Amino acid sequence: MTRQSAWLFPGQGAQRRGMGRELFDRYPDAMAAADRILGFSVRELCLGDAAERLTDTRYLQPALFVVNELTRRAYADREPAPDYLAGHSLGEYNALLAADAFDFETGLALVARRGELMGRATGGAMTAVVGPGAARIVDLLAEAGIDDVDLANLNSTEQVVLSGPAESLRRAAGAVTAAGAGRCVPLRVSAAFHSRYMADAAREFAAFLAGFELRDPRIPVIANVTARPYRPGEVGRLLAAQVHSAVRWSESMAHLRSRGVDRVVEQGPGRVLTGLWDAAAKDAANSSAAEPRPAPGSAPAPAAAAPAPDGPPIAERPAPAVSAPGGLAPAAPAPAASAPAPARLAPAVSAPAVPTAAVPVPVPASAAPTPAAPAVPAAAPAAGVEPSPYGARAAGGTARPGSGPAAAGPAGVAPERLGSAAFRADYGVRYAYLAGSMYKGIASTDLVARMARAGLLGYFGTGGLRTERIEAAIATLRAELGPDGGFGMNLLHALHDPPLEEATVRLFLRHRVRFVEASGFTQPTRALVLYRLSGAHRDGTGRAVAPNRLLAKVSRPEVATAFMEPPPQTLVRGLLAEGLLTAAEAEAGRALPLAGEVCAEADSAGHTDAAVAYTLMPATTGLRDRIVAERGYPDGIRVGAAGGLGAPESLAAAFVLGADFVVTGSVNQCTPQAGTSDAVKDLLAQADVQDTGYAPAGDMFEIGARVQVLRRGTLFAARANKLYQAYRQYDGLEAIDAKLRRTIEDGWFHRELEQVWKETREYYLRAGRPQEVERAEQDPRHRMALVFRWYFVHSTRMAMRGDPAERVNYQIHTGPAIGAFNRFAAGTALADWRNRHVDAVAEALMAGAARVLQDRFSSLAR
């Protein structure tokens, strides 16, 4: 293994009075620039009477940044550049500066704003846990019932820093002491740094970062948030996430050792990081020496493969991004991954860091999920090179998946830059891309969890499920992703059962679900208003803020308008009178749109108005622009695109039309994570763009609403349309033509209509909806509608089970996008749906879209 070196930059807590004394005179230009940008003298702060301000985050952070950089310059004058760079919290900015991700003056501006935001935060505290039991802290907190404290820093197996409310930290300290797990040291800080309670600061900082041109590092830099080298386009996102995320220092150092690093140089005041490195290396050596030797005559252990070089950061497998802890998304969660991750040295630590082994503490799977595997490329990669999940341009000018990296080309287009940066920050995602819901849990917990682990977000499909099943899904996602896992839930309009709709919303509120996708709505309802305004308030500046993010799917301008306007006051007053909303929530709601995100849904799977994207998108963005201008919403409204998104060219077109984000659907049903049968996936993988048709919607059968379904290989669409014609033609089951009745009973339902009515009647009585039975027994036509609607439930159930005897009756909601994706994936590993992991589909489509735009822009510039 080739020997490698790394430079480490310390963060807040390494400062001392007199730091930089020997450096300031050597670099007068840098000092002059720093003083000009910061508005105070760094020299005086570090050496003079103002040194007491070194305890103030607003002054300390930029001053330490300057001292770290001057230390690096002095060392670089006589030594070659390292193979890797890493920095602890604030020190990460120095590492990125050394890697040419930005210049010195930009770095100063960034750390000054960061220090200001962190210094402005108040409330909360931090406590260091030092001792051999620190690795047990997650279990200890759980046993004590403490769920509002985050792991802010993890330096080693014997040093953890907690962050959260002061009273909860006192309880945590008691639990640690009682368990004999170590000693607890309260830290001198003004707020709960590197925790969920910094999400508002992270949001503001993300918006500030968006105004700077940040380059990809020229030397691999290990990111605090992921413990892996930065990948292209990630600098802004991960720096924003770092504000409220744990610093995974011990994991970062373990990664460096795995890459052959055996020498580090600390570039800044103190030797804390060097001590941690030395102790960890010694501990690793001792662990290796203690491994049992093979018994005589046994086969030798296989030699460990030499690690592939990190090289350009593009080769790194993506690590999960960090979302707001506890599933919270205050006004806007910073960009995201899954945590609580390992922690870092505390800011302004009163006691010195203990240089113990830097071996990462084993974190439960729910707290540190394994990153989802990228798509398998069509051809095996060269030895030592990880397969890239990104798409490339194949011969003939068509984007193809899995054939190479999608790094930005001459036009500078990268998938991470498509869509709205503010959307990515608010939703905590790497891409402006969401996996939309599919009813009855087809958008499954596995699908949603896989998206979250890839730094993306998906919505669980709640339509057609009882509240107990929905609650179980939420519990599963919390258990798999940990308190920080980012996920969304769907709310499907319950036309015939408003109480179910409201019960579902109450469930979301009880479990603090912060991302909800509303679909099938034609107007605002009580449930939507209750969800959106619960927790709404005015912040310290008077700005209206809603912690619950509602994304509304619309396909008509009048419906879009209803969601872009503030919640109807008639509904607000009713909820206020019932005590379901407070006066403060109702008042804040006057300054908020009902939905912060409105998705223009063109012709799509499931419920559809067969709208055309080329006309629907301009109409929707135009409405948005007018309403935002009239209402003066401070955060505006983001408009997304859905429907027909099955090829990179489709996504590229959506972004050109002004989409702030895209939402996919059909393509995700043909993935290993989708909660439907292999038989359905086999049919979908064979579909072409013309293989869909329209059928009545089972949940809106009587009003003639339509869904788009797979036509190839199934007779569902033809039979469902015939049933709707019969409903329109006849007054009741008894009036149906005898020939048609025999066809329905013998050929389609495989049971008599009276037997179907008996099953349907029992269902409604069990479900606590006797009024439906009473109405049906008095109205023969309503009874006929309920019997026909049974077929829609049955056909879905048979498809999801994959019953081969019922294949012709399979109801499979899908749009032409699945055919487009099949054409896109033809001839690659993604042609087999078993390789189409939902995050791999996202990577292939977004990377392909970036390359399509890059190529088109380049050709236009010729």
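What counts, and where the lines are drawn
Residues numbered from 1 in each chain as written. Predicted model: local features only at pLDDT ≥ 70, side-chain atom pairs only at ≥ 80, totals over all residues. Heavy atoms only, no water. Helix = DSSP H or I, 4+ residues; strand = E, 2+ residues; numbered from the N terminus. Buried < 20%, exposed > 50% of the residue type's maximum accessible area, 1.4 Å probe, protein only. Pairing = 2+ DSSP bridges. Axes fitted to C-alpha atoms, helices over the stretch in contact; angles between N-to-C directions. Contact = heavy atoms within 4.5 Å. pLDDT = per-residue confidence, 0-100. Salt bridge = Lys/Arg side-chain N within 4 Å of Asp/Glu carboxyl O. Patch = residues over 30% accessible without salt bridge, like charges linked within 9 Å, V, L, I, M, F, W, Y side chains within 5 Å. Areas by Shrake-Rupley, 256 points an atom, 1.4 Å probe, with all protein chains shown as cover. Parallel < 35°, antiparallel > 145°, perpendicular 65-115°, else oblique. Left-handed = near helix turned anticlockwise from the far one by under 90°. Nonpolar A, V, L, I, M, F, W, Y, C, P; charged D, E, K, R; others polar. 1 Å grid on protein atoms, 1.4 Å probe; cavity = no way out; pocket = protein on both sides within 12 Å on 5 of 7 lines; lining within 4 Å. Points joined across faces, edges and corners; volume = space filled by probe spheres on them. Core = buried A, V, L, I, M, F, W, Y, C linked by side-chain atoms within 4.5 Å. Expected span 1.5 Å × (residues − 1). Arc of directions from axis to C-beta.

**Things to note about the environment of Ala847**
For Ala847, the position within the fold is in helix H30 (residues 838-861). Judged by relative accessible area, which is 0%, Ala847 ranks as buried. Taking the C-alpha atoms as reference points, Ala847 and Pro648, separated by 199 residues in sequence, lie 7.8 Å from one another.

**Looking at the sheet that holds strand E20 (residues 638-642)**
Strand order in the closed barrel made by the eight strands is E11-E12-E13-E14-E17-E18-E20-E21, with parallel pairing throughout. In this sheet, neighbouring strand axes are inclined to one another by 25 degrees on average, regardless of whether the strands run parallel or antiparallel. With three bridges connecting them, strand E11 (residues 433-435) and strand E21 (residues 661-664) associate as parallel partners. Paired with Ala435 across the strands is Thr664, a residue of E21. In the packing of helix H15 (residues 498-510) onto the sheet, contacts are made with strand E13 (488-492) and strand E14 (515-519), and the angle to E13 comes to roughly 165 degrees.

**Remarks on the confidence of the model for the protein chain**
Across the protein chain, the average pLDDT comes to 82, with 83% of residues at or above 70. Across residues 290-398, where pLDDT falls below 50, the model places 317 contacts with residues more than four positions away in sequence or in other chains. Long-range and interchain partners of residues 402-411, a stretch whose pLDDT sits below 50, account for 32 contacts in this model, where long-range means more than four residues apart.

**Considerations on the sheet that holds strand E8 (residues 261-266)**
The four strands lie next to each other as E7-E2-E1-E8, forming an open sheet whose pairing is parallel. A strand with exactly one partner marks an edge of an open sheet, and here the two such strands are strand E7 (221-222) and E8. Here strand E2 (residues 84-87) runs beside E7; their pairing, made up of two bridges, is parallel. Along E7, the bridge assignment pairs Ala86 with Ile222. Relative to strand E1 (residues 4-9), helix H3 (residues 57-76) is tilted by about 150 degrees, and along the sheet it contacts E1 and E8. In the packing of helix H4 (residues 91-98) onto the sheet, the strands contacted are E1, E2 and E7, and the crossing angle to E2 comes to about 155 degrees.

**Side note on the pattern of salt bridges**
Within this structure, the stated rule accounts for 48 salt bridges. With a shortest N-O distance of 3.7 Å, Asp77 and Arg26 are connected by a salt bridge. Taken as a pair, Asp77 in the loop between H3 and E2 and Arg26 in the loop between E1 and helix H1 (28-38) lie far apart in primary sequence, 51 residues in all. Under the relative-accessibility criterion, Asp77 is labelled exposed at 57%. Under the relative-accessibility criterion, Arg26 is labelled partly exposed at 47%. Close ionic contact of Arg215 with Asp100 constitutes a salt bridge, the shortest N to O distance being 3.1 Å. Linking Arg215 in the loop between helix H8 (199-209) and E7 with Asp100 in the loop between H4 and helix H5 (104-120), this pair joins segments that are 115 residues apart in sequence. The class for Asp100 is partly exposed, based on a relative accessible area of 26%.

**Regarding a nonpolar patch on the surface**
Residues Val656, Phe857 and Leu860 make up a contiguous nonpolar surface patch of about 340 Å² in total accessible area. The residue Val656 is located in helix H21 (residues 648-656) in this model.

**Here we look at the packing of helix H27 (residues 770-778) against helix H28 (residues 780-801)**
Direction vectors running N to C along H27 and H28 enclose 125 degrees, while the axes themselves pass 5 Å from each other. By the criterion of interaxial angle, the relationship of H27 to H28 is oblique. Judged by the sense of rotation from one axis to the other, the crossing of H27 with H28 is left-handed. Here Glu772, Arg775, Ala776 and Gln778 of H27 lie close against H28, whose contacting residues are Pro780, His782, Arg783 and Leu786. Looking at the contact of H27 with H28, its residues break down into three nonpolar, two polar and three charged.

**Observations concerning the layout of surface pockets**
Quantified by volume, the largest pocket comes out at close to 1,500 Å³. Lining the largest pocket are 47 residues, and of these Lys440, Gly464, Leu465, Tyr763 and Val793 lie nearest its centre. At the level of elements, helix H14 (467-481), E13, H15, helix H26 (753-766) and H28 are the ones that each hand at least two residues to the lining of the largest pocket. Here the lining of the largest pocket gets nine residues from one element, more than from any other, and that element is H28.

**Re the nonpolar core**
Counting 92 residues, the largest nonpolar core has Tyr433, Met489, Phe508 and Phe563 as its most contacted members. Counting residues per element, this core draws most heavily on H30, at ten residues. Setting aside its immediate chain neighbours within four residues, Phe563 contacts Phe521, Leu528, Ala552, Val554, Pro593, Leu594, Ala595 and Val598.

**Quick notes on helix H20 (residues 613-631)**
Across its 19 residues, H20 extends 26 Å between first and last C-alpha, which sits within 8% of the 27 Å expected from 1.5 Å per residue. Within the span of H20, buried status applies to Leu616, Met617, Thr620, Thr621, Leu623, Arg624, Ile627 and Val628. Down the axis of H20, the sector holding all buried residues measures 160 degrees, keeping them to one side. Those residues of H20 that are exposed and angled more than 90 degrees off the buried face are Tyr614, Thr615, Ala629 and Glu630. On its buried face, H20 is in contact with strand E17 (549-554), helix H17 (557-564), strand E18 (597-601), E20 and H21. One or two positions beyond H20, positive phi appears at Gly632, with a value near 70 degrees.

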